[in-house]
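Residue-level structure breakdown
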Amino acid sequence: MREGARISSVLYPRWYWPSFAAPASVWLVFLFIVPFYVVLSAAFGTIDLFGNPLPVYQPWYWSTATFQDILGRFYGTDAFYRPALIRTLVFVPAASLLCLIIGYGVAYYVARHAGRRKGLYLVLLISPFWISYLMRIYSWQGLLQPDGLVNRILAWMHVASSPVGWLQGKPSTVILGLVYGYIPYMILPLYGFLDRIDQNLLEAGRDLGAGPMKTFVRVTLPLSRQAILAGMVIVALPMFGDYFTNDLLGSTKTAMFGNLIDNAVQSPGGGPQAGSLVLMLMVLLVVPLLYYLRSTKRAQEAA
Amino acid sequence: MHPGSRARRMSRRDFLRRSAGAAVALPGAAAILAACSKPGQSTRTSIEEQLLANPARPDHPVTLPLYQDPIAASTPIEKGATLQVYNWEDYLWPRLFREFEDKFSKYDVKVSLTTFNNIDEGVAKLSAGQVSADVFFPDPSELTKLVVSKLLQPLQHDLLPNLAANYWPEFQNPFYDKGWRYTVPYTIYTTGIAYRRDHVPDSKIQSLDNPYEILWDPEYKGRVTIYDDRRETLSMALMKNGIKDVNTGDPKLIDMAKNDILALIDATDAKLTINGIYSRMAEDVFWVGSSWSGDVCSAAFYYLPKDVSPEVLGFWYPPDGGGVIGNDLMVVPTSSKNPRLAHEFVNFMLDTKNSFANFTNWNGYQPPTTSIDPTALVPKVVPPSLKETVVVPSYFDTGSFILGVTPSVDALYSAAWDEIKAGG
Amino acid sequence: MSTASLSVRRWWKDPWRKPRFLQALTWGYLAWSLVPVLIAVAFSFNAGRSRSAWQGFSLRWWVGDPTAAESLLYRPELRASVVHSVWLAVATMLIAVPLGTLFAIGIDRWHGRGPGIANFTMLLSFVLPEIILGVSLFLAFIYLLRDVVSLGSTAQILGLVTYQISYPVIVVRARLLSIGKDYEEAAMDLGAPPTQSVRRVLLPLLYPAIFASAALVFADTIDDFVTVRYLCAAASCEPISVKVYDAARAAPPPSVNAAVTFMLVATLLAISVGFVAYRRITKAERAGPAGREFIGFQV
């Protein structure tokens, strides 16, 4: 690291490396940061005759009326947004945990025990990335229809006598749908890490008399903490804004926070509401993100 | 050179650069200055405020104000144009687009369809400038708002000869747009209850005191659908409670309607759809649902599997004609790039041959033309089990239109709908 | 103790046993992950209108009756949206991958305050739910940038690049970390100026990562519907993903199955062609001893 610093300062002008990062940074400023300001302006702005938002760009004209109204829908007497928030706070951790448990098992198997077939497994694991999320959930829709394959198999196994309404707002369907959609993002980072674990560490554990289970719990698991955290962040954070899984596999009874935003954008007069909700979601998510960044930095410094 | 003199003498390059910079910055500065004034100031005249505060009703007809003249009848037809039609999904027979293109092939015309899911979405996107359309298909509920916001242009009736003679007397001077300044009628329809007679016997519906309640029946859990349309679904709940004024501003009534819909969803896991009736009831997915008259006809005409008789579908509408009634309109927005061609298209759709073909071959919605005798539709066009779908002129006296309301009442309906969509 | 339980206990204690449970889990997962897609592909050949009840084999949804206008071939709006999807994906890939790669290289080498903030922003754009980005860009394009960029294909591409730009950054950075600075330092010791050492030494080393991120961006953009749905309402800029989404919420006929199968095959072909092309281009480098390092890139 010190060598690199020396070379950088001696042979490259000071603006050299920043100029590489400049185009993307400028892009992000104009198309990522600035739109957030527009969101603020819309959330604290007004609406026109049709209910389209009229953003107010000067902070001194901002009115918090809509924002307070929305907050009231979460904790007031008639808090009809609260169920959606609670559902999201239950679905996302549940789905993330399932992703972790299943994903870790699969990643572990492929990383450590796949042997000659590792390439094949890898291709199969990567395939969801290019199969398209929509197609995968769409396929499940077909299977979960009242006369679909799942119900037919259940009937054939005599488990369910009448067709089960999987697509009628069942939380389990939505949670499993979330897992189905996001689990590839958990498996790959975990695989990447488990693949590179130093075999010596594991053998040391075995030499000291620990069985496979103990080695796993005492050696592998603690080492994978950072990878697990990364996987959880990559999976859980986007899940908070997910609305399409519920749209396709659930109903209004299982509406999530993302559905609140999507409905607000589509409805007349919903612009400021959408802005306020997006604001709330960002505030909710920035905290775990900062925690993740700090722990990554600490892990890097320790390494 | 002396530093002072250098500072005073600007080189030509400097001057050019600075003036160019100013020229680029000026529009930006103007925009900023414009943005600096206090926003949301209303610039509406008192007439407009009047119109918005007193929306059109059958007993209170409205003449919409004119802001510009209609296009001259002598305007030439635009060449090489693509006509943008902005409509509900599956509402206009695609073959009619091809026939229109063929008819005007010497002008090298193309027709392109953009769709919206429900009227709120359609109006919102048009008013936000997200969609630019040549012909738009709204209903009267948002008409005043559209006109007052100068989003629609008045029609040039010299270009619409098909309108004059062919339409019902009730439409010669509609109460929501006296003189047909901005609109022409497209279809008429009622909102009733559609059901599959092989799962829900006729007798069951007839025996109920309040047939609307069949939608709340837990026996059909998972088999019920209602419309993903704010006003339509809340109106149905109001009707179920015997409230004929579906444009009521009474917060208690709106609240009651909202709670009823939440109870409906709870009891039956009802799905909010727009095409649930015509496509999925035909596929035996839904057995009962709130339905527009045209949707169930469309299911019978087009979507049923080949070996299933249309008699499997049934439709109920209050026998006294006191249910929800509506009609859809054709309008030309001000943002239209091809107004002359738009008029030609409207005229084309007003031709009774085309509107009848649209009705019987595609969308099942009756056009209010005098050439169609409602009593003769059954059984030649409409199967006997669906005879209630036929709309007769007397319904316009007994039925209730979904119409515009004041902004504050509109907000009440929106809040109620938000709660329904949020899962309660 | 019976023989059965003895053997079970022996199996449990053996430290080198085959992990049957994990193996079953993995195969179960792969089946759960991929079989539904194969079934959906199969149903695109269904003779009836259902996508859950098999009614016989037919090509009607692919190349069916022209007058019925229900097949993929004869529904011009489906074809148009497929073309639009590919166009969006290619344009996004061509913009996002270079920007992201340069950013990754710059961040990796830059020392100072700047990289922390830029890095945080990039990470933010990666993990924030897409709906946040979609809503903010929608509001920005409608209101602030109304006269500069109107909604449509341009807005869609701008939005997609913003969403995808973090993918190349992450993939390239991972590769940079494993490459290290040795090769560049060697080049500079041999007298190469900075630009040359980056262009001639670093970039070729990064080709696997650049290619992988291009494939990811391409596939991800074809699939994207959250951002593009908000950024364009008209039929002319509706990509196939939005059409599938709208149809899936309604009652999709199997021609939608046909459309997604087509996209699946197209993406697979595109990635395979790209991979083969990549192998050929880098053949010369792979021939020598130094080139053996690049075989089999890892995502």
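Predicted model, so just to flag it, every value in this text is computed and none were measured.

To continue, consider the overall build of chain C. Scanning chain C from terminus to terminus reveals 14 helices and zero strands. Here chain C, with 299 residues, has 45% of them falling under the buried criterion. A separation threshold of at least 6 residues defines the contact pool for chain C, and within that pool the share at least 24 residues apart is 72%.

Moving on, we get to the packing of helix 4 (residues 82-113) of chain A against helix 11 (residues 225-240) of chain A. All names here are of chain A. Where helix 4 meets helix 11, the axes come as close as 10 Å, and the angle between the chain directions of the two elements is 145°. The element helix 4 and its partner helix 11 pack so that their crossing is right-handed. Between helix 4 and helix 11, the residues in contact are Thr88, Val92, Ala95, Ser96, Cys99, Leu100 and Gly103 and Ile228, Gly231, Met232, Val235, Ala236, Met239 and Phe240, respectively. Its residues assigned to classes, the contact of helix 4 with helix 11 comprises 10 nonpolar, four polar and no charged.

Residues and elements named next belong to chain B. Within helix 9 (residues 230-240), 11 of the 11 residues are buried, which leaves it mostly tucked inside the rest of the structure. What helix 9 keeps buried is the set Arg230, Arg231, Glu232, Thr233, Leu234, Ser235, Met236, Ala237, Leu238, Met239 and Lys240. Once helix 9 ends, the next one or two residues include Gly242, with phi positive near 80°.

With that settled, consider the interface of chain C and chain A. Contact residues are listed per partner, giving 73 residues for chain C and 82 residues for chain A. The leading source of residues in the side of chain C that touches chain A is helix 2 (residues 20-43) of chain C, at 13 residues. By residue class, the composition of the side of chain C that touches chain A is 52 nonpolar, 14 polar and seven charged.

All names here are of chain B. The buried fraction of strand 8 (residues 288-292) amounts to five of the five residues, a majority that puts the element mostly inside the structure. Here strand 8 shows two buried faces, one formed by Val288, Ser290 and Trp292 and the other by Gly289 and Ser291. Here strand 5 (residues 184-196) runs beside strand 8; their pairing, made up of five bridges, is antiparallel. Bridged to Thr191 within strand 8 is Trp292. With two bridges joining them, strand 6 (residues 224-227) and strand 8 adopt parallel strand pairing. If you follow Thr225 over to strand 8, its bridge partner there is Gly289.

Moving on, we get to the confidence of the model for chain A. Low pLDDT means the predicted atomic positions in that stretch should not be read closely. Residue and element names in this part refer to chain A. Taken over all residues, the pLDDT of chain A has a mean of 82, while the share at 70 or more is 94%. By mean pLDDT, the top-scoring element of chain A is helix 4 (91), and the lowest-scoring one is helix 1 (residues 2-11) (48). Across residues 1-9 the pLDDT falls below 50, and counting only partners more than four positions away or on other chains, this stretch makes six contacts in the model.

Okay, the nonpolar core next. In this structure, Ile261 of chain A, Val135 and Val288 of chain B together with Phe103 and Val135 of chain C are the most contacted members of the largest nonpolar core, which totals 274 residues. No other element matches helix 8 (residues 171-195) of chain A, which puts 14 residues into this core. Domain assignment of the residues forming this core places at least three in each of domain 1 (48-188 + 328-373) and domain 2 (189-325 + 401-421) of chain B. Here Val288 of chain B is in contact with Ile193, Tyr195, Val200, Ile214, Leu215, Tyr220, Arg223 and Val224 of chain B, once residues within four sequence places are set aside.

It is worth spelling out the environment of Pro189 of chain A at this point. Residues and elements named next belong to chain A. By the secondary structure assignment, Pro189 is in helix 8. Pro189 sits 39 residues away from Ile228 along the chain, and the two C-alpha atoms are 8.2 Å apart. For Pro189, the residues in contact, after removing those within four places along its chain, are Ala227, Ala230, Gly231 and Ile234.

Within a regular strand, the side chains alternate between the two sheet faces. Residues and elements named next belong to chain B. Most of strand 5 is tucked away, with 13 of its 13 residues classed as buried. Across seven bridges, the pairing between strand 5 and strand 10 (residues 324-330) is antiparallel. Looking at the pairing, Tyr189 lines up with Gly326 of strand 10. Taken together, the four bridges between strand 5 and strand 9 (residues 313-316) define a ladder with antiparallel strand orientation. Its bridge partner being in strand 9, Arg196 is matched across the sheet by Leu313.

Residue and element names in this part refer to chain B. Spatial strand order, 2-1-3: three strands in an open sheet with parallel pairing. At either end of the open sheet lies a strand with only one pairing partner, and these are strand 2 (110-116) and strand 3 (135-136). On the sheet, helix 5 (residues 119-127) packs against strand 1 (82-88), strand 2 and strand 3 and is oriented at approximately 115° with respect to strand 2.

Turning next to helix 7 (residues 153-164) of chain C. Taking 1.5 Å of rise per residue, 12 residues should cover 16 Å, and helix 7 of chain C covers 16 Å from first to last C-alpha, within 8% of that figure. Within helix 7 of chain C the residues assigned to the buried category are Ala155, Gln156, Ile157, Leu158, Gly159, Leu160, Val161, Thr162, Tyr163 and Gln164 of chain C.

This part is about the environment of Lys103 of chain B. Residue and element names in this part refer to chain B. Along the chain, the position of Lys103 falls in helix 4 (residues 94-103). When the 13 C-beta atoms within 10 Å are taken as the criterion, Lys103 is described as partly exposed. A sequence separation of 245 residues divides Lys103 from Phe348, and the C-alpha atoms of the two residues are 9.7 Å apart.

What follows deals with the confidence of the model for chain C. Residues and elements named next belong to chain C. Overall, the prediction assigns chain C a mean pLDDT of 78, with 83% of residues at 70 or greater. Looking at the elements of chain C, mean pLDDT is at its lowest for helix 14 (residues 283-287), recorded as 57, and at its highest for helix 7, recorded as 91. Within the model, the stretch residues 288-299 combines pLDDT values under 50 with 12 contacts to residues more than four positions away or in other chains. Predicted as a complex, the structure gets a pTM of 0.80 and an ipTM equal to 0.83.

The rules behind the values
- Residues numbered from 1 in each chain as written.
- Chains lettered and ligands numbered in written order.
- Predicted model: local features only at pLDDT ≥ 70, side-chain atom pairs only at ≥ 80, totals over all residues.
- Helix = DSSP H or I, 4+ residues; strand = E, 2+ residues; numbered from the N terminus.
- Buried ≥ 20, exposed ≤ 12 C-beta atoms within 10 Å, placed from the backbone.
- Contact = placed C-beta atoms within 7 Å.
- Axes fitted to C-alpha atoms, helices over the stretch in contact; angles between N-to-C directions.
- Left-handed = near helix turned anticlockwise from the far one by under 90°.
- Nonpolar A, V, L, I, M, F, W, Y, C, P; charged D, E, K, R; others polar.
- Pairing = 2+ DSSP bridges.
- pLDDT = per-residue confidence, 0-100.
- Core = buried A, V, L, I, M, F, W, Y, C linked by C-beta atoms within 7 Å.
- Domains from an automatic or database assignment.
- Expected span 1.5 Å × (residues − 1).

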